[in-house]
Amino acid sequence: MDLRLSSARGRWVVLTTVLGSSMAMLDSTVVNVALPRIGEDLDADLAALQWTVNAYMLTLAGLILLGGALGDRFGRRKVFVIGVVWFAVASLLCGIAPNAGVLIAARALQGVGGALLTPGSLALIQASFHPDDRARAVGLWSGFGGVGAAVGPFLGGWLVDGPGWRWVFLLNVPLAALCVPVALKHVPESRDPQAHGRFDVLGAGLAALSLALVTYALIAAPEQGASAVVIGSAVVGVVLGALFLAVEKRRSDPMMPLTLFASRQFTAINVVTLCVYAAFSGFFFLTALQLQVVVGYSALQAGTALLPTTVLMLFLSAKSGELAQRIGPRVPLTVGPLLCAGGTLLMLRVGEGASYVADVLPAMLVMGAGMVTLVAPLTATVLASVDTGKAGLASGINNAAARAAGLVAVAALPLLAGMGPEAYRSAAEFGATFRRAMPMCAGVLVLGAAIAWATVRTPGRECGAPECKVHCGVTSPPLERTSD
């Protein structure tokens, strides 16, 4: 059966997937506000703080494709629930970590859980709802999930200034305790009946190792310079990335089927995703530090300063998804990144003695408007560009692109901006490098807008030829579902 959004069970499905994905999204942003306090408490330098963010994104980006394939094969609800439980246990380990090394290792374990639950949450919506309700359901998922990401800095600041930074991670435990029983009771199971063959463990290993080596080189470079270890790590990481693509092309059952990229729409959307999520990750990572290190905000004040993005995402994301369904994704995916670029450049006004109303608030409002404009249409367009039976895989690839982009951005921006290992301890030094980093983020967003305008089309509307199924992307009949 195809659930309707107006039904009680349909609302339970949205609630469950939002709860699960919000755990992962929340941790992607909530940690940023806690970084100065974590560094002080654990005596960590900037590289350790970067790894605190990137260890999570590394395993998430490297394994999320495998997580989507597992859901398609064994059941999306089953893998989603396992991911939620795994994530909660890893969060508990983060909360009791005695030093930076243990925290980074636990964050890597968190990413494994995120790789299981994140693609499943969106694929469950795509597989569960009637086609007429999918766009609005995806919009609600994007909106409330985006709120989970956006409210992270505020919630993290409150926890850091109150019971302590460890509660940033411990909060996930009660969320998981609520999510799991609701999922088991109300969410219908679904899988791809065509999924078969062996799992691509080699591909997953090559992808994760490639990202790890490139990330290590970028983070280590400010302290070690162009050392043999740094250059060697970068070169080997790039070679392993090329080997990953070669393996995926030759395998009969690849983790990332390159044939999906025969759809120009799917390829275009993923390139746009790389651009916008690299900029988002760099922006929020550095802004949370800028507000505390340079402007002098407490963790709670820094988190509160970012609340306008939360409000806008909460109230407007569903409408944005519906608008994109009517007018097509090209305009929203062009205008959204340009608005975000404007918000990024407005942050150049935020320095020592900055006014919240005159300086910080305008930047947050413009950034939030851009995120509202592009996030829901981007997500819906990714799923519409492939067969419905490949929803979990398409979601996994797009999420991998987003996380990998964020991973590289957090590693590369401090290097490109000239931040030293102790930069976050000096307001003058960090402020100067922040002003160099923001235009870089804006430039990547403008590039994403240009690519969207040049390449994105409305599926099935731009041409009537049979080959439009390949080039523009269409959806197939609803997938088969199993009993609850």
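Source: prediction; values computed, not measured.

Novice: What's the story with the overall build of the protein in this structure? I'm lost.
Specialist: For the protein, the count of helices and strands is 17 helices and zero strands. Taken over 484 residues, the protein has a buried fraction of 60%. A sequence separation of at least 24 residues applies to 84% of the contacts in the protein between residues at least 6 apart. Accessible surface computed for the protein: about 17700 Å², of which carbon and sulfur atoms make up 68%.

Novice: How should I be thinking about the side chain of Thr-433 in this particular structure?
Specialist: With respect to the helices and strands, the residue Thr-433 is situated in helix H16 (residues 427–455). Taking relative accessible area as the criterion, Thr-433 reaches 1% and is therefore assigned buried. Contacts of Thr-433, omitting those with residues within four sequence positions, involve Ala-417, Gly-418 and Met-419.

Novice: Would you mind showing me how to read the nonpolar core here?
Specialist: Across soluble globular proteins, nonpolar side chains have a tendency to be buried as a group. Within the largest apolar cluster, 141 residues are counted, with the highest numbers of intra-cluster contacts made by Leu-286, Leu-291 and Phe-430. With sequence-adjacent residues up to four places away left out, Leu-286 is seen in contact with Leu-413, Met-419, Phe-430, Phe-434, Ala-437 and Met-438.

Novice: Looking at this structure, how should I read the packing of aromatic side chains?
Specialist: Any two aromatic rings considered together are summarised by their centre-to-centre distance and by the angle between their planes. As enumerated under the stated definition, the model contains five aromatic pairs in all. A centroid spacing of 6.1 Å and a plane angle of 80° characterise the contact between Tyr-56 and Phe-87, whose relative ring orientation is edge-to-face. Here Tyr-56, found in helix H2 (residues 46–74), pairs with Phe-87, found in helix H3 (residues 76–95); they are 31 residues apart in sequence, far enough to count as distant. For Tyr-56, a relative accessible area of 0% puts it in the buried group. Relative accessible area serves as the criterion here: at 0%, Phe-87 is assigned to the buried category. Positioned above the aromatic ring of Trp-453, the side-chain terminus of Arg-330 is 3.8 Å from the ring centre.

Novice: Looking at this model, I keep getting lost on the pattern of salt bridges. Mind explaining?
Specialist: Opposite charge on two side chains permits pairing when their charged atoms draw close. Per the stated rule, a full pass over the model turns up three salt bridges. A salt bridge links Arg-349 to Asp-359, with the shortest nitrogen-to-oxygen separation between them at 3.4 Å. Of this pair, Arg-349 sits in the loop between helix H13 (330–346) and helix H14 (356–384) while Asp-359 is found in helix H14, placing the two residues 10 residues apart along the sequence. Note that Arg-425 is salt-bridged to Glu-422, the shortest N-O span being 2.4 Å. Note on Arg-425: relative accessible area 44%, which makes it partly exposed. Residue class for Glu-422 comes out partly exposed when judged on its relative accessible area of 40%.

Novice: What should I look at first to understand the packing of H2 against H3 in this one?
Specialist: One can describe the packing of H2 onto H3 by two numbers: an axis separation of 8 Å at closest approach and a directional angle of 150°. It follows that H2 is roughly antiparallel to H3 by the angle criterion. Where H2 crosses over H3, the two elements pack in a sense that is right-handed. On the side of H2, the interface is formed by Tyr-56, Gly-67, Leu-70, Gly-71, Asp-72 and Phe-74, while H3 contributes Arg-76, Lys-78, Val-79 and Phe-87. Looking at the contact of H2 with H3 residue by residue, the class counts come to five nonpolar, two polar and three charged.

Novice: What's the story with the packing of H3 against helix H7 (residues 172–186) in this structure? I'm lost.
Specialist: The relative placement of two packed helices comes down to the angle between their axes together with the axis-to-axis distance. Look at H3 against H7: their axes get within 9 Å of each other, and the N-to-C directions meet at 165°. If you check the angle between H3 and H7, you find them roughly antiparallel. You can see that H3 and H7 cross each other, and the crossing is left-handed. Listed contacts from H7 to Arg-77, Phe-80, Val-81, Val-84, Val-85, Phe-87, Ala-88, Ser-91 and Leu-92 of H3 are Asn-172, Val-173, Ala-176, Cys-179, Val-180, Ala-183 and Leu-184.

Novice: Please clarify how H16 should be interpreted in this entry.
Specialist: The periodicity of an α-helix, 3.6 residues per turn, causes residues three or four positions apart to be oriented the same way. Taking 1.5 Å of rise per residue, the 29 residues of H16 would be expected to cover 42 Å, and the 42 Å separating its terminal C-alpha atoms lies within 8% of that figure. Those residues of H16 that fall on the buried side of the exposure criterion are Phe-430, Gly-431, Thr-433, Phe-434, Ala-437, Met-438, Cys-441, Ala-442, Leu-445, Gly-448, Ala-449 and Ala-452.

Novice: Please clarify how helix H8 (residues 201–224) should be interpreted in this entry.
Specialist: The end-to-end C-alpha distance of H8, which contains 24 residues, comes to 33 Å, matching closely the 34 Å that a straight helix rising 1.5 Å per residue would cover. The principal kink in H8, of about 25°, is found at Leu-218, preceding the proline Pro-222 by one to four residues. A positive phi of about 70° marks Gly-225, the residue just after H8.

Novice: Explain a nonpolar patch on the surface to me, please; I cannot follow it from the model alone.
Specialist: On the surface, Val-85, Trp-86, Val-89, Leu-92, Leu-93, Ile-96, Leu-109 and Val-173 cluster together into a nonpolar patch covering about 660 Å² of accessible area. Looking at which element gives the most residues to the nonpolar patch, the answer is H3, with five residues. Checked against the element boundaries, Val-173 lands in helix H7.

Novice: Sorry, what's going on with the environment of Val-239 here?
Specialist: Residue placement: Val-239 occurs in helix H9 (residues 228–250). Relative accessible area serves as the criterion here: at 49%, Val-239 is assigned to the partly exposed category.

Novice: Would you mind going over the side chain of Thr-16 with me for this structure?
Specialist: Within the secondary structure, Thr-16 is located in helix H1 (residues 8–42). Under the relative-accessibility criterion, Thr-16 is labelled buried at 1%. When residues no more than four places from it in sequence are discounted, the contact partners of Thr-16 are Phe-80, Cys-179, Val-182, Ala-183 and Val-187.

Novice: What exactly am I supposed to notice about the confidence of the model for the protein here?
Specialist: Low pLDDT marks regions whose predicted coordinates should not be analysed in detail. When the pLDDT values of the protein are averaged, the result is 83; 90% of them are 70 or greater. At the level of individual helices and strands, the protein shows its lowest average pLDDT in helix H17 (residues 468–473), which scores 43, and its highest in H13, which scores 94. Here residues 461–484 is modelled with pLDDT under 50, and outside its nearest four sequence neighbours on either side it reaches 64 contacts, counting other chains as well.

Cut-off values and rules
- Residues numbered from 1 in each chain as written.
- Predicted model: local features only at pLDDT ≥ 70, side-chain atom pairs only at ≥ 80, totals over all residues.
- Heavy atoms only, no water.
- Helix = DSSP H or I, 4+ residues; strand = E, 2+ residues; numbered from the N terminus.
- Buried < 20%, exposed > 50% of the residue type's maximum accessible area, 1.4 Å probe, protein only.
- Contact = heavy atoms within 4.5 Å.
- Areas by Shrake-Rupley, 256 points an atom, 1.4 Å probe, with all protein chains shown as cover.
- Core = buried A, V, L, I, M, F, W, Y, C linked by side-chain atoms within 4.5 Å.
- Phe/Tyr/Trp six-rings, centres within 6.5 Å; stacked < 30°, edge-to-face > 60°.
- Lys NZ or Arg CZ within 6 Å of the ring centre and 35° of its normal.
- Salt bridge = Lys/Arg side-chain N within 4 Å of Asp/Glu carboxyl O.
- Axes fitted to C-alpha atoms, helices over the stretch in contact; angles between N-to-C directions.
- Parallel < 35°, antiparallel > 145°, perpendicular 65-115°, else oblique.
- Left-handed = near helix turned anticlockwise from the far one by under 90°.
- Nonpolar A, V, L, I, M, F, W, Y, C, P; charged D, E, K, R; others polar.
- Expected span 1.5 Å × (residues − 1).
- Bend = angle between axes of the 7 residues up to and from the residue.
- Patch = residues over 30% accessible without salt bridge, like charges linked within 9 Å, V, L, I, M, F, W, Y side chains within 5 Å.
- pLDDT = per-residue confidence, 0-100.

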